[in-house]
Each structure stands twice: as C-alpha cells, then as structure tokens.
Amino acid sequence: MDLHAFLCLYLTILLSLSLFLLLSLRRSLRRTLRLPPGNFGLPFIGETLQLISAYKSENPEPFIDHRVSRFGPIFTTHVFGEATVFSADPETNRFILQNEGKLFESSYPSSISNLIGKHSLLLMRGNLHKRMHSLTMSFANSSIIRDHLMVDIDRLIRFNLDSWTRHVFLMEEAKKITFALTIKQLMSYDPCAWTESLRKEYLLVIEGFFTIPLPFFSSTYKRAIKARTKVVEALRLVVRERRKESERGERKNDMLEALFDEEGNGGGFSDDEIVDFMVALLVAGYETTSTTMTLAVKFLTETPLALAQIKDEHEKIRANKGATEILTWNDYKAMSFTHCVINETLRIANIIGGIFRRTTSDIQVKGYTIPKGWKVFASFRGVHMNDDHFKDARTFNPWRWQDDKGATYAPSIFTPFGGGPRLCPGYEIAKVITSVFLHHFVTQFSWEPAEEDRLVFFPTTRMQKRYPIYVKRK
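Since the model is a prediction, treat every value here as computed from it, not as a measurement.

Engineer: I tried to follow the overall build of the protein on my own but got confused; where do I start?
Structural biologist: Within the protein, the regular secondary structure consists of 17 helices and twelve strands. Taking 23 Å as the expected radius of gyration for a compact globule of 474 residues, we find that the protein reaches 24 Å, a close match to that expectation. For the protein, the spread of C-alpha atoms along the principal axes amounts to about 85 × 60 × 45 Å. Sequence separation of 24 or more characterises 71% of the internal contacts of the protein that already satisfy a separation of 6 or more. Just so you have it, the protein exposes about 21500 Å², and 56% of that area is on carbon and sulfur atoms. Of note, the protein has its 62 positive side-chain charges centred 4 Å away from the centre of its 53 negative side-chain charges.

Rendered as structure tokens:
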C-alpha cells in the first residue's frame, strides 16, 4: 500500500471513529440529563447551514419559529460548531441576563470573537468589564449628550444630508452618519478620506461575523480577517500618535483620551487592548443605529398615518426654531411620537436579535438541564415577534407605545438593548441620533422608493438593496 492510500484509509477510519464517538456522546447526554428537546443536525456542521439559509428569507425568525412550533420556546441545536440551547422564553431570557458573571459568561461564535478582538467590551469579564462598561456609559449618558454631543450630532447629520443628490441609498447614508458620529466621539475625527476608507474596511469585517470561521472554507471570513488587519493597523497608528500628544499635554475630550486617563488610575492598557476596545465600539455604534434609522423610514413610508403624524410633530418643532438653529435636548424630549416609532422599529427589526452566553455550571431551567460549558442564545426577537406578548406582533404599530402603554410591558418582554450588567451602554445616544435624523429627514425632504427592496436578517438585519430612494428637497 502506497503512502497516499494509507493516509486516505487512516483519515477515513479516524473520521468514522470521531463520528461514532460524537453520536455516542449525544445519546449518553440525552439519557443522563434532561436536555431541552431539539436536533443536533449533522456532525460538526450541526444546523448551521439551516440557520444561515433560513435567515436569508423575509421572515424575521424562521429558524426559531420552526423549532418553537416543534419543541417549545426552549430547544437544543448545534450551530457555529457548538451545542447551543436557544430560548424564546422571556422569563428564561431575563434569568440569563440577570445572572451574567454568575451562572453565565459572555460567549460568542469564534467568527465574531476573532473579528472584534479578545479585548473588546463584548468579551470582557469580571471587574474589567464593569470598569470599562461604566467608562463607556459615562460618555453616552443623557447629561453628556445634552451638554456636549448634541451639537455634533445635529451638525454631522446636516453635513451628510447636505451632500445628498436626487437618488440615494438610505442605508448607506445612515451608516456614513453613524460611523462619522462614532469616530468623532471616539477620537475627534471629522469625516474625511481616511474615515471613509476605514468605514469601507469595516463593511468587510461585519460581513464575516456569521460565517464558518475557517479561511479555507469561507472566502467571506477570509476577506473579513484581512479587512480587520487593515482596521487594526490604521487605529494603532492613531493610538500611538495620540498617546504622544497626551504625554505632551495636548488633550482632547473624547473616549480615547478617557482611556489614557484610565491608565493613570491603574489601567495600564496596551495599544492592542485599546485598539480592540475601539474596534468593538465602532461596530456597535456604526451598524446598529444606522439600521434603526433606515428601517424607521421604511416602516413610516409603508404606514401613511404614522408618517403624517411624525411629520406634524417635527414641523411644529421646526416652526419654533431658526433655519440653522440646532436641536436641543428639550426638542428631543418633545418628540413623543418619534420615540414610539423608534420603539416599534426596534421591536420588529432590531439588529440585535439576541445574545450568546456560556454556562459556567450545570443550569436548571424550566425543568431542563443545560450542561456546563454549553452555549445558550437568548432570543430577544423571538419574544418581540410573538403574538402572546405583542398583539399582531408582525404589524408595525407605533401607537402601541403611546400614552405610556409601553409601560405595561414587563422588562423581560421588550429588550432591544439587552439587560443586566451588559445593558448596551449606548442605548440613549442611539435613540437621540435616530430622532435627530428623522427630524431633519422629514422636514427637509419628500421621498419615494426608487425600486422594490426587501428586509433580510442574515448576516445582519438590513435592506437587501440598501433601500434606494428618490428624494426631493422641500
């Protein structure tokens, strides 16, 4: 037998044994533990391909819907290389969120963790996470927005809208706005050729989030890794130069300066740690809010009564201001129906469909056992789109939030920004940016869709054709 034939036989036997052991382990687990019902799918691949193909449809939760109908709101599957328990049960989701750092720890598919970096806020744990989460919150709370950020938010949104032509891709323009605002908040850069080049690399990074994390298997993941390298190199140069400026006493009022100050308080962050932290914050600020901005316009366009009401609200605000006068915090607080529109947009099509966690011990939930070391996925959208929790859940109805009706929903029912120790630190600024954008958009333009487009949910929630529209200035 030649060497090639021997190796083929050896690999065949090894693969067969691996499959046998894996199947035996699964059967053993089901016998010894009362796992949530479900299906592991194919060996190694599991149900990953079914998940990916399902989310390319227009149904917001096809993967979860099908399995909830078969197994109930808590079920077992195998995706992205690991056994995972999915929950579309609000009480279980709240239990997962509230026990972060105790029974569960942050854990994401390796495709995501490799691309955002091991020092990102998303993957930090323990006291370091508490400290950095608090620091991030301090740069995005209501007083900071009111006293410092509101001017830049209004200015940079106007700057983008002033450049629009007759035909625009709304999702693309929304991303330019949120990226510019995040860059400004992080490191004091205004839009320029460098920031636009960085943004285009970010697009490639994000596309790799939900792929099989093997460069030889996925060309998308391979491109994402290369793009991340370019992003990291660009940010590392900024950090090095700013560190020198800070040492010379040249200071800026931004997040990067705050990270340098934190070092003086015993932080001791390396350049790589700061870069990872910034990479994750750019992703969070860039992708999430721009999606809400775009989809709010889409849903308003399809709901004439809501569009008329929001136009009336903003025309009244604008009537009391000069043509170039910026919006204030009081103006933002007066946008009551706008807040309803944003809540409803977040409920139906929030880009954050849920969160991954990993168990730190065997966990008892609803009569089932989730073994130590297993992944869990708390599905927020699975709850948001359930008629048991929201009447006509798949219908856009911003009036459900009017007159404090939203206060009747339990905290576990509506969770667009997560909860517990990992509540999104930018939740308030995301709402402010979306509100200011909608104000200038509806008061400056009339518009109509340029072509038919559709909402898809993989690899992230987005309009498939970037929502092309024709706009006309008023």
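We are not done yet, so read on.
Engineer: When you look at unusual backbone geometry in this model, what are you seeing that I'm missing?
Structural biologist: Peptide bonds are mostly trans, and most non-glycine residues show a negative phi. Even without a glycine there, the phi angle at Phe80 is positive, about 50°. Of note, Phe80 is situated in the loop between strand 1 (74–79) and strand 2 (82–87). Exposure remark for Phe80: the relative accessible area of 13% places this residue in the buried category. Here the phi dihedral of Ser188 falls at roughly 65°; this positive angle occurs in a residue that is not glycine. Residue placement: Ser188 occurs in the loop between helix 8 (170–187) and helix 9 (193–207). Overall, the relative accessible area of 23% leaves Ser188 in the partly exposed class.

Engineer: Honestly, helix 10 (residues 219–247) in this entry has me stumped. Any pointers?
Structural biologist: An α-helical turn contains 3.6 residues, so any two residues separated by three or four positions project in the same direction. With 29 residues, helix 10 extends 42 Å from end C-alpha to end C-alpha; this agrees with the ideal 42 Å at 1.5 Å per step. Of the residues one or two after helix 10, Gly249 is the one with positive phi, at around 90°.

Engineer: In this structure, what is going on with the packing of aromatic side chains? I would like to understand it.
Structural biologist: By convention here, two paired aromatic rings are described through the distance between centres and the angle between planes. Considering all chains together, one arrives at 23 aromatic pairs under this definition. Ring geometry for Phe75 versus Phe86: centroids 5.3 Å apart, planes at 20°, classification stacked. One end of the pair, Phe75, is in strand 1; the other, Phe86, is in strand 2, with eleven residues separating them in the sequence. Phe75 gets classed as buried once you look at its relative accessible area, which sits at 0%. When the ring of Trp164 is compared with that of Phe441, the centres are 5.9 Å apart and the planes differ by 65°; the resulting orientation is edge-to-face. Residue Trp164 is found in the loop between helix 7 (142–161) and strand 4 (167–169), and its partner Phe441 is found in helix 17 (residues 427–444); the two are separated by 277 residues along the sequence. Judged by relative accessible area, which is 0%, Phe441 ranks as buried. In this structure, Arg347 packs its charged tip against the face of Phe390, placed 5.1 Å from the ring centre.

Engineer: What is the right way to look at the sheet that holds strand 1 in this model?
Structural biologist: The pairing of strands in a sheet comes from backbone hydrogen bonds and takes either a parallel or an antiparallel form. Taken in spatial order, the five strands make up an open sheet running 1-2-8-5-3, and their pairing is mixed. At either end of the open sheet lies a strand with only one pairing partner, and these are strand 1 and strand 3 (104–106). Here the average twist between neighbouring strands, direction ignored, is 35°. Docked against the sheet, helix 3 (residues 62–71) engages strand 1, strand 2 and strand 8 (375–379), running at close to 130° with respect to strand 1.

Engineer: Would you mind going over the nonpolar core with me for this structure?
Structural biologist: One recurring pattern in soluble globular proteins is that nonpolar side chains are buried together. By size, the foremost hydrophobic cluster in this structure holds 135 residues, and its most contacted members are Ile153, Tyr202, Leu235, Phe437 and Phe441. At 15 residues, helix 12 (residues 271–301) tops the list of elements feeding residues into this core.

Engineer: Even after reading the chapter, I still don't get the sheet that holds strand 4, so can you show me in this structure?
Structural biologist: Pairing is antiparallel across the open sheet formed by three strands, whose spatial order is 4-12-9. Among the strands making up the open sheet, the edge pair consists of strand 4 and strand 9 (445–449). Between one strand axis and the next, the sheet turns by 35° as a mean value, whatever way the strands run. For strand 4 and strand 12 (residues 468–473), the ladder comprises three bridges, and the chain directions are antiparallel. By the bridge assignment for strand 12, His167 is matched with Tyr470.

Engineer: Would you mind showing me how to read the packing of helix 13 (residues 304–319) against helix 17 here?
Structural biologist: If you want to describe how two helices pack, look at the angle between their axes and the distance between the axes. Viewed as axis vectors pointing N to C, helix 13 and helix 17 meet at an angle of 90°, and their least axial separation amounts to 9 Å. In terms of orientation, helix 13 lies roughly perpendicular with respect to helix 17. Two secondary-structure elements touch here, helix 13 through Ile310, Lys311, His314, Glu315, Ile317 and Arg318 and helix 17 through Ser435, Leu438, His439, His440, Val442 and Thr443. Looking at the contact of helix 13 with helix 17 residue by residue, the class counts come to four nonpolar, five polar and three charged.

Engineer: Teacher, can you tell me more about the pairing of strand 2 here?
Structural biologist: Consecutive residues of a regular strand have side chains that alternate between opposite faces of the sheet. Where burial is concerned, most of strand 2 is hidden: five out of the six residues are buried. The hairpin turn running from strand 1 into strand 2, its antiparallel successor, is two residues long, and Phe80 in that turn takes a positive phi close to 50°. Relative to strand 8, strand 2 runs parallel, the two being bridged by four bridges. Within the sheet, the bridge partner assigned to Ser87 lies in strand 8 and is Ala378.

Rules and cut-offs
- Residues numbered from 1 in each chain as written.
- Predicted model: local features only at pLDDT ≥ 70, side-chain atom pairs only at ≥ 80, totals over all residues.
- Heavy atoms only, no water.
- Helix = DSSP H or I, 4+ residues; strand = E, 2+ residues; numbered from the N terminus.
- Rg over C-alpha atoms; globule rule 2.2 N^0.38 Å.
- Contact = heavy atoms within 4.5 Å.
- Areas by Shrake-Rupley, 256 points an atom, 1.4 Å probe, with all protein chains shown as cover.
- Lys, Arg positive; Asp, Glu negative; His and termini not counted.
- Charge placed at Lys NZ, Arg CZ, Asp CG, Glu CD.
- Buried < 20%, exposed > 50% of the residue type's maximum accessible area, 1.4 Å probe, protein only.
- Expected span 1.5 Å × (residues − 1).
- Phe/Tyr/Trp six-rings, centres within 6.5 Å; stacked < 30°, edge-to-face > 60°.
- Lys NZ or Arg CZ within 6 Å of the ring centre and 35° of its normal.
- Pairing = 2+ DSSP bridges.
- Axes fitted to C-alpha atoms, helices over the stretch in contact; angles between N-to-C directions.
- Core = buried A, V, L, I, M, F, W, Y, C linked by side-chain atoms within 4.5 Å.
- Parallel < 35°, antiparallel > 145°, perpendicular 65-115°, else oblique.
- Nonpolar A, V, L, I, M, F, W, Y, C, P; charged D, E, K, R; others polar.

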